[in-house]
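Working through the structure, step by step
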Number of protein chains: 2
Amino acid sequence: MKKSTSTQDYLKHIYELSEGGEPASTNDLARVLKVKPASVTGMVQKLANEKPALVEYQKHQGATLTPVGKKAALEVLRHHRLLETWLVQTLGYSWAEVHEEAEKLEHVISEDFERRIAAALGNPTRDPHGELIPTPDLKMPQDDSASLSSLRSGQSATILRVNEDPNLLRHLDELGLIPGIRLMVTGYSPLDNNLTIKVEKKSFVLGLNITTKIFVEVEK
Amino acid sequence: MKKSTSTQDYLKHIYELSEGGEPASTNDLARVLKVKPASVTGMVQKLANEKPALVEYQKHQGATLTPVGKKAALEVLRHHRLLETWLVQTLGYSWAEVHEEAEKLEHVISEDFERRIAAALGNPTRDPHGELIPTPDLKMPQDDSASLSSLRSGQSATILRVNEDPNLLRHLDELGLIPGIRLMVTGYSPLDNNLTIKVEKKSFVLGLNITTKIFVEVEK
DNA sequence: GTCAAAATTTAGGTAAGACTAAATTATTTT
DNA sequence: AAAATAATTTAGTCTTACCTAAATTTTGAC
Ligand SMILES: [Mn+2]
Ligand SMILES: [Mn+2]
Ligand SMILES: [Mn+2]
Ligand SMILES: [Mn+2]
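Residues numbered from 1 in each chain as written. Chains lettered and ligands numbered in written order. Predicted model: local features only at pLDDT ≥ 70, side-chain atom pairs only at ≥ 80, totals over all residues. Heavy atoms only, no water.

Across its full length, chain A holds 8 helices and 8 strands. Across its three principal directions, the C-alpha atoms of chain A cover 55 × 40 × 30 Å. In chain A, buried positions account for 45% of the 220 residues. Sequence separation of at least 24 residues holds for 60% of the intrachain contacts in chain A that already meet a minimum separation of 6. About 11500 Å² of surface is accessible on chain A, with carbon and sulfur atoms providing 51% of the total. Distance from the positive charge centre (27 side chains) to the negative charge centre (30 side chains) of chain A: 2 Å. (Helix = DSSP H or I, 4+ residues; strand = E, 2+ residues; numbered from the N terminus. Buried < 20%, exposed > 50% of the residue type's maximum accessible area, 1.4 Å probe, protein only. Contact = heavy atoms within 4.5 Å. Areas by Shrake-Rupley, 256 points an atom, 1.4 Å probe, with all protein chains shown as cover. Lys, Arg positive; Asp, Glu negative; His and termini not counted. Charge placed at Lys NZ, Arg CZ, Asp CG, Glu CD.)

Put simply, a metal with four donors set out as a tetrahedron has ideal angles of 109.5 degrees, and one with six donors set out as an octahedron has ideal angles of 90 or 180 degrees. All names here are of chain A. Here the manganese ion (ligand 1) is held by Asp9 (OD), Glu103 (O), Glu103 (OE), Glu106 (OE) and His107 (NE2), and the distances to it run 2.1 to 2.5 Å. In primary-sequence terms, the residues that donate to the manganese ion (ligand 1) follow D-x93-E-x2-E-H. With Asp9 in helix α1 (residues 5-17) and Glu106 in the loop between α5 (98-105) and α6 (111-120), the pair connects residues that are 97 residues apart, well separated along the chain. Like Glu106, Asp9 is buried. (Donors = N, O, S within 2.8 Å, 3.2 Å for Na, K, Ca; no water.)

On to the coordination of the manganese ion (ligand 2), then. All names here are of chain A. Donor atoms from the polypeptide that bind the manganese ion (ligand 2) are Glu75 (OE), His79 (NE2), Glu111 (OE), Glu111 (OE) and Glu114 (OE), placed at 1.8 to 2.6 Å. Within one chain, the residues serving as donors to the manganese ion (ligand 2) are arranged as E-x3-H-x31-E-x2-E. One end of the pair, His79, is in helix α4 (residues 67-91); the other, Glu111, is in helix α6, with 32 residues separating them in the sequence. Taking the relative accessible area as the measure of exposure, His79 reaches 6% and is therefore buried. Judged by relative accessible area, which is 35%, Glu111 ranks as partly exposed.

With that out of the way, let us pick up the domain arrangement of chain A. On domain assignment, one finds that chain A holds domain 1 (5-65) and domain 2 (146-218). Taken over C-alpha atoms, the centre of domain 1 of chain A sits 34 Å from the centre of domain 2 of chain A. (Domains from an automatic or database assignment.)

With an RMSD of 0.1 Å, the operation that places chain B on chain A is a rotation of 180° combined with a shift of 0.0 Å along the axis. The transformation relating the two chain copies, once decomposed into turn and shift, fits a two-fold axis. When each C-alpha of chain B is compared by its distance to the rotation axis, Leu105(B) comes out closest, at 3.5 Å. (Least-squares fit on C-alpha atoms with pLDDT ≥ 70 in both.)

A few words on unusual backbone geometry. Residues and elements named next belong to chain A. Pro52 follows Lys51 through a cis peptide bond whose omega is 5°. Inspection of the secondary structure puts Pro52 in the loop between α3 (37-49) and β1 (55-57). The phi torsion at Asn123 lies on the positive side, around 45°, for a residue other than glycine. Among the structural elements, Asn123 can be located in the loop between α6 and β3 (146-147).

The next thing to look at is the protein's contact with DNA strand D. Surveying the vicinity of DNA strand D reveals 21 residues, the closest of which are Ser4(A), Ser6(A), Lys46(A), Gln45(B) and Tyr57(B). Of all DNA strand D atoms lying within 4 Å of any protein atom, the proportion belonging to sugar or phosphate reaches 84%. Contact distances for DNA strand D include 2.3 Å between a phosphate oxygen and a side-chain N or O atom of Lys46(A). Contacts to DNA strand D include His60(B), whose backbone N or O atom sits 2.8 Å from a phosphate oxygen. Of all the elements in the fold, those that place two or more residues in the surface near DNA strand D are α1 and α3 of chain A together with α2 (26-33) and α3 (37-49) of chain B. Per-class residue counts for the surface near DNA strand D are 7 nonpolar, 11 polar and 3 charged. (Near = heavy atom within 4 Å. Polar contact = N/O pair within 3.5 Å; in protein donor to acceptor, adjacent residues only side chain to side chain. Nonpolar A, V, L, I, M, F, W, Y, C, P; charged D, E, K, R; others polar.)

The next point concerns the sheet that holds strand β6 (residues 194-199) of chain B. The strands making up a sheet associate through hydrogen bonds between their backbones, and the pairing can be parallel or antiparallel. Within the open sheet, the 6 strands sit side by side as β3-β8-β4-β5-β6-β7 (chain B). Their pairing is antiparallel. Edge positions in the open sheet fall to β3 (146-147) and β7 (202-206) of chain B, since each of these has one partner strand only. (Pairing = 2+ DSSP bridges.)

To continue, consider the protein's contact with DNA strand C. In the region of DNA strand C, 20 residues are neighbours, and Asn27(A), Gln45(A), Tyr57(A), Ser4(B) and Lys46(B) sit closest. Considering the 4 Å shell around the protein, atoms of DNA strand C inside it are sugar or phosphate in 84% of instances. A distance of 2.9 Å separates a phosphate oxygen of DNA strand C from a polar atom in the side chain of Thr26(A). For DNA strand C, a phosphate oxygen lies 3.3 Å from a polar atom in the side chain of Lys59(A). Here the surface near DNA strand C is composed, by residue class, of 7 nonpolar, 10 polar and 3 charged.

All names here are of chain A. What the 6 strands build is an open sheet, ordered β3-β8-β4-β5-β6-β7; its pairing is antiparallel. Taken across any chain shown, the strands that pair with only one partner, and hence form the sheet edges, are β3 and β7 (202-206). Where strand β5 (residues 182-189) lies against strand β6 (residues 194-199), 5 bridges are found, and the strand directions are antiparallel. The residue of β6 that forms the bridge with Tyr188 is Leu195.

As structure tokens, this is what we get:
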């Protein structure tokens, strides 16, 4: 029942690509997995014919996960996000550096290792990017964050998560807008949806392009 | 140039089996690698035909490492031993539990990861079992330890390493005879080569079967 | 609704690295 | 020195997961 590295990566990426409701297309999977579309077709057909089936697949309609496949995907995702958190906390990796390392380690660590790092980290619920970490019984917790773009003047909030786009990440890192930081909205421009936000003593004006990609917990 | 997990394990075990001077035999490799002898023949032939060659191989004569193969073997061994040290130090693994975990991780960590854990541990020279860790430039350090069996009454020493035999390990663990412990020889029996040793306030009499498998640094 | 472009699938191959069964070579025993 | 036993190698398969090239299906522009 132990799944290959390849299978685990397929399941993880099918999970991520189909989170929005749409099945993951052959082409999109090929892109994120860095293999040819023809290879993806072969692999999803195989995963759909396993017993029990890991994916639901109809020709030309893309792939979604069965409950069994989803468990397996969340297992890998839990490993990945715990590992990223742990590499950052204990080995001084930067936010940006951890991904590749976790991408390889996620497939080889034992359940014991998983429990040990989770415990050592105090059973965190989010990774360094702010992504939710699946629970030990492999459920994805409900995301209670709100988009920064939905806030208005006077509201305060703490950053939980930012989109993983590397360019955005670097930009926000320079501004100090990273998970854990507290901010306050001091202005809103209805015409262009710009928000003025204040962090510590500094203020920035941010466009919709940015504010929709920052997720926060609003103070009541 | 990046070597497969399989190749890395072959090289590591050829290194270990041929440390005594004799080439590693097909059968012995099959045993430690948990693979059939026929598979070993195929693989060592392949490794001998790589350019540059990783092993020296003559039909029926077993395999030894070329300088290139030896570097690669020491690389894996360094990873393995650093990982074991680190898992014990930072995640509370016991002495006995680490091996399997390190066996898988050794093949996937980056050089950056290696440097980070080495630095975090203070660049250790021995792993938790007391085995020497290859240096960053992949040389095996000179082993300056002496067998406990060579000591005589009045000499004091610190345990550096014990043989990895699981039964012996458990026994010595109960007696508190583990790397780092200081002991003194208080008696020697020429007829059976038994040694009486004192650790803290306790004394034990140990036979040659045990004393030849404990390695120490003698105090001058 | 037709038709070209884009996406997807099929068919046929390759490379690693394992296995089994049979053949060969080496080592012991007598 | 021959026979028996043990170790090793060869030959032929299998599985996994990739690839390319060609065929097909779907979609979007007119
Ligand atoms: Mn991965
Ligand atoms: Mn797990
Ligand atoms: Mn290994
Ligand atoms: Mn290394």
